[in-house]
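# Structural features, examined
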Amino acid sequence: VLPSDKHASTLFNVSHSLDEAALEAEVNGNWTPQEKALHEARLKAKAKRRVRKSSSRSESLSESLSGELADGDSYSSKGKVPVPNDRKSRTGKGRGLPKKGGAGGKGVWGAAGMVYEVEEPDVKDPNYDEVAQGDTVYATVVPEVDERELEKTVNPIVREYFEHGDTKEVQMLLKELNLGHHKYEFSSLAVSLSLEGKASHRELTSRLLRDLVGKVLSESDMARAFDKILKELPDLMLDTPEAPQMLGQFIARAIADHALPMAFLDRYKGKVDCDHARAALDRAAVLLSMKREMVRLDNVWGVGGGLRPVKHLVKEMNFLLKEYLVSGEVKEAERCLRDLEVPHFHHELVYEAVVMVLESKGDTAVKMCKLLQAFWKIGLITVDQMNRGFQRVYDELPEINLDVPHAHSIMESFTDLCYQESVITKQLRDSCPSRGRKRFVSEGDGGLIKN
């Protein structure tokens, strides 16, 4: 028997003797037999509870003490062993084992060897944090452009490109759009718009098609675009009668720029029923056979207005004026001047026209005045370009006078005629330089200066 068991039995014997003494004292009193029986039953029940409680406590203490004695640890005089982080029951109830096998309680990760599965975060959880869920990828979804809205979307991009000529900006805008399987139609729309425009617009379109291939469009997309244009060629001729020849030049330039596959023309041999499409393909084949040794057909559209050399522009304007003096057709002269696409250089035309008047005879002055009047009325030559052209002649008049002795008088009469026809302003006419009429001293004048 352990010392604690002896101590507990001693306490029980003392309490039991006290209860018997009190019982004898009470029995000697005036209690009835029923009260005495009830009182004895209560005492017996109380004694049983004490015995049961002391026995369970002694068992738990004996188990803990036996474990501690086996490990060589000390224990306190009260029977409680101070073991840190001990998860055994302190109430004395149960088997004395850890709760839930050591896997329960606050801050416990679980039993040894337990494997947890990856738990997906619940979006409805109040503690759900979207930022803390790892690498989150945000993507902007651009809806595909509808076929009915395609032309409205593409036309402003192409027309704006004709103004600035920056192919990289067009590439950036097309990458932002989701054209989907209608991507090839951008090329067909660009070519159709350029057919209605100027030669410089067609040159810009050829450069755009060359730069888009491999970055935004593929060669197959470009081939589909030209297939569509060949089918729509009869409709395009209603607005542009020269469409077959122009389309043939587009095809030849695209093949030379490696925007179209070399086999594009071969697959149409003997399979074309439309005469206009056949004419376009024949035109492309002729250009490619003529320029076989050249890498690109860079001059198929001619050089753009502002890119032409000044000497070439001067030569073209001289030829234009000489052709007008022979034919007298103002409309043809207007068309040739517009084709040059150099509105900032129209003062050269005015200058050359006035110089021709000074160097020629006959009705040249009347014809040139009629031509300048026509260009002035339709707004082809602005007031600034007109004034600048006449002013250049005024500045060079002393040098011109060396070759043309009567240049001052001819200039005065021509400026009066242009002022009467409302070609120039009164201020510009009055600024025309006049030659002094002072006579020098000669023999027979007596040494006097004649007035």
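Cut-off values and rules
Counting from 1, residues in each chain are numbered in the order their sequence is written. Per-residue local features of the predicted model are confined to residues with pLDDT of at least 70, and side-chain atom pairs are confined, for both listing and counting, to 80 or more; whole-chain, interface and lining totals are unaffected and use all residues. The side-chain numbers reported here are obtained from all heavy atoms of the structure, hydrogens and water having been left aside. Note on conventions: DSSP H or I runs of at least 4 residues are helices, E runs of at least 2 residues are strands, and numbering of each starts at the N terminus. Classification of residues uses two cut-offs on accessible area relative to the type maximum, computed with a 1.4 Å probe and protein chains only: under 20% is buried, over 50% is exposed, and between them is partly exposed. Two residues qualify as a contact provided that any one of their heavy atoms is within 4.5 Å of a heavy atom in the partner residue. Accessible surface area values rest on a Shrake-Rupley calculation with a 1.4 Å probe, where residue burial reflects the displayed protein chains alone. For this analysis, a nonpolar core means a set of buried residues of the types Ala, Val, Leu, Ile, Met, Phe, Trp, Tyr and Cys, connected via side-chain atoms within 4.5 Å. Like charges within 9 Å and nonpolar side chains (Val, Leu, Ile, Met, Phe, Trp, Tyr) within 5 Å are joined into patches, using only residues over 30% in relative accessible area that form no salt bridge. When a carboxyl oxygen of Asp or Glu lies within 4 Å of a side-chain nitrogen of Lys or Arg, that pair is called a salt bridge. Only four residue types enter the tally: Lys and Arg on the positive side, Asp and Glu on the negative side; His and the chain ends are excluded. The location of each charge is read from NZ of Lys, CZ of Arg, CG of Asp or CD of Glu. Here the expected length of a helix is defined as 1.5 Å per residue gap, with one fewer gap than residues. Between the rings of Phe, Tyr and Trp (Trp by its six-membered ring), a pair exists once the centres lie within 6.5 Å; its type follows the angle of the planes, with under 30 degrees stacked, over 60 edge-to-face, and the other angles tilted. As a reminder, the over-ring test applies to NZ of lysine and CZ of arginine, requiring each to be within 6 Å of the ring centre and within 35 degrees of the ring normal. For the purposes of these results, a polar contact is taken to be a pair of N or O atoms within 3.5 Å, where, inside protein, one atom must be able to donate a hydrogen and its partner to accept one; residues adjacent in sequence count only when each atom of the pair is a side-chain atom. To define axes, lines are fitted to C-alpha atoms, for helices over the stretch in contact only, and angles between the resulting N-to-C directions are given on a 0 to 180 degree scale. The labels follow the angle: roughly parallel below 35 degrees, roughly antiparallel above 145, roughly perpendicular from 65 to 115, and oblique for the rest. Helix crossings get a hand from a simple test, with the near helix turned counterclockwise from the far one by less than a right angle marking a left-handed crossing and a clockwise turn marking a right-handed one. Classes in brief: Ala, Val, Leu, Ile, Met, Phe, Trp, Tyr, Cys and Pro nonpolar; Asp, Glu, Lys and Arg charged; the others, Gly included, polar. To get the bend at a given residue, fit one axis to the seven residues ending there, fit another to the seven starting there, and take the angle between those axes.

## Re the overall build of the protein chain
- When helices and strands are tallied, the protein chain shows 17 helices and zero strands.
- Expressed as a percentage of the 451 residues in the protein chain, the buried residues total 32%.
- Looking at the protein chain alone, contacts between residues at least 24 apart form 67% of all its contacts between residues at least 6 apart.
- In the structure as shown, the protein chain presents an accessible area of about 30300 Å², 53% of it carried by carbon and sulfur atoms.

## Observations regarding the nonpolar core
- In terms of nonpolar packing, the biggest core is built from 51 residues, with Phe226, Leu230, Leu247, Ile251, Leu260 and Phe264 touching the most fellow members.
- Elements supplying a minimum of two residues to this core: helix H3 (147-164), helix H4 (167-176), helix H5 (185-195), helix H6 (199-212), helix H7 (219-231), helix H8 (233-236), helix H9 (243-256) and helix H10 (275-290).
- Here the element with the most residues in this core is H9; it accounts for eight residues.
- For Phe264, the contacting residues outside a window of four places in its chain are Ala223, Phe226, Asp227, Leu230, Ile251 and Leu281.
- Core analysis: the next-biggest nonpolar cluster, separate from the first, contains 42 residues, Val330, Leu337, Ala353 and Cys432 among them.

## As for a positive patch on the surface
- Together, Lys44, Lys46, Lys48, Arg49, Arg50 and Arg52 make up a region of like positive charge exposed at the surface.
- Within the fold, Lys48 resides in helix H2 (residues 33-71).

## With respect to helix H14 (residues 364-377)
- Helix length check: H14 (14 residues) gives 20 Å between terminal C-alpha atoms against 20 Å at 1.5 Å per residue, within 8%.
- Along H14, the residues classified as buried are Thr364, Met368, Cys369, Leu371, Leu372, Gln373 and Phe375.
- Gly379 sits one or two residues past H14 and shows a positive phi near 80°.

## Brief notes about the packing of aromatic side chains
- Here the structure, examined in full by the defined rule, presents five aromatic pairs.
- Linked through ring pairs, Phe226, Phe264 and Tyr268 together constitute an aromatic cluster.
- Above the plane of the ring of Tyr184 lies Arg224, whose end atom (NZ or CZ) is 3.9 Å from the centre.
- Above the ring of Tyr351, the side-chain terminus of Arg392 is found at 4.2 Å from the ring centroid.

## Brief notes about the side chain of His347
- Here His347 lies in helix H13 (residues 346-359).
- Residue classification places His347 among the buried residues on the basis of a relative accessible area of 6%.
- With residues up to four places along the chain from it excluded, the contact list for His347 reads Gln385, Arg388, Gly389 and Arg392.

## Observations regarding unusual backbone geometry
- Positive phi values are uncommon outside glycine, yet His258 reaches one of about 65°.
- With respect to the helices and strands, His258 occurs in the loop between H9 and H10.
- Residue classification places His258 among the exposed residues on the basis of a relative accessible area of 53%.
- Positive phi is not limited to glycine here, since Ser422 has a value of about 60°.
- Tracing the backbone through its elements, the reader meets Ser422 in the loop between helix H16 (407-420) and helix H17 (426-430).

## With respect to the environment of Arg210
- Mapped onto the fold, Arg210 is located in helix H6.
- Reaching out from Arg210, the side chain makes a polar contact with the side chain of Asp211 at a distance of 3.3 Å.

## Considering the packing of H3 against H4
- Running from N to C, H3 and H4 point in directions that differ by 160°, and their axes come no closer than 9 Å. Compared by their axis directions, H3 and H4 come out roughly antiparallel. Between H3 and H4 the crossing geometry is right-handed. Here Ile157, Glu160, Tyr161 and His164 of H3 come into contact with H4, specifically with Thr167, Glu169, Val170 and Leu173.
- For the contact of H3 with H4, the residue count by class is four nonpolar, two polar and two charged.

## Remarks on the pattern of salt bridges
- All told, the structure shown has 16 salt bridges when counted by the stated rule.
- In this structure, Arg267 engages Asp227 in a salt bridge whose closest nitrogen and oxygen atoms are separated by 3.0 Å. Taken as a pair, Arg267 in the loop between H9 and H10 and Asp227 in helix H7 lie far apart in primary sequence, 40 residues in all.
- A relative accessible area of 17% places Asp227 in the buried class.
- Glu334 is the salt-bridge partner of Arg338, the closest N and O atoms lying 3.2 Å from each other. Of this pair, Arg338 and Glu334 both sit in helix H12 (residues 330-340), four residues apart, roughly one helical turn.

## Section: the packing of H7 against H9
- Direction vectors running N to C along H7 and H9 enclose 165°, while the axes themselves pass 12 Å from each other. The pairing of H7 with H9 is recorded here as roughly antiparallel in orientation. Between H7 and H9 lies a crossing of left-handed hand. For the pair H7 and H9, contact is made by Phe226, Ile229 and Leu230 and by Leu247, Phe250, Ile251 and Ala254, respectively.
- Taken together, the residues of the contact of H7 with H9 sort by class into seven nonpolar, no polar and no charged.

## Quick notes on helix H15 (residues 383-403)
- The terminal C-alpha atoms of H15 lie 29 Å apart, and with 21 residues this matches the ideal 30 Å at 1.5 Å per residue to within 8%.
- The largest bend along H15 reaches roughly 60° and is located at Leu397, with the proline Pro398 sitting one to four residues downstream.
- Those residues of H15 not exposed but buried are Gln385, Met386, Gly389, Phe390, Val393, Tyr394, Leu397, Ile400 and Asn401.
- Looking at the packing, one finds that the buried side of H15 touches H13, H14, H16 and H17.

## So, a negative patch on the surface
- A surface patch of negative charge is lined by Glu119, Glu120, Asp122 and Asp125.
- By relative accessible area, Asp125 is classed as partly exposed at 36%.

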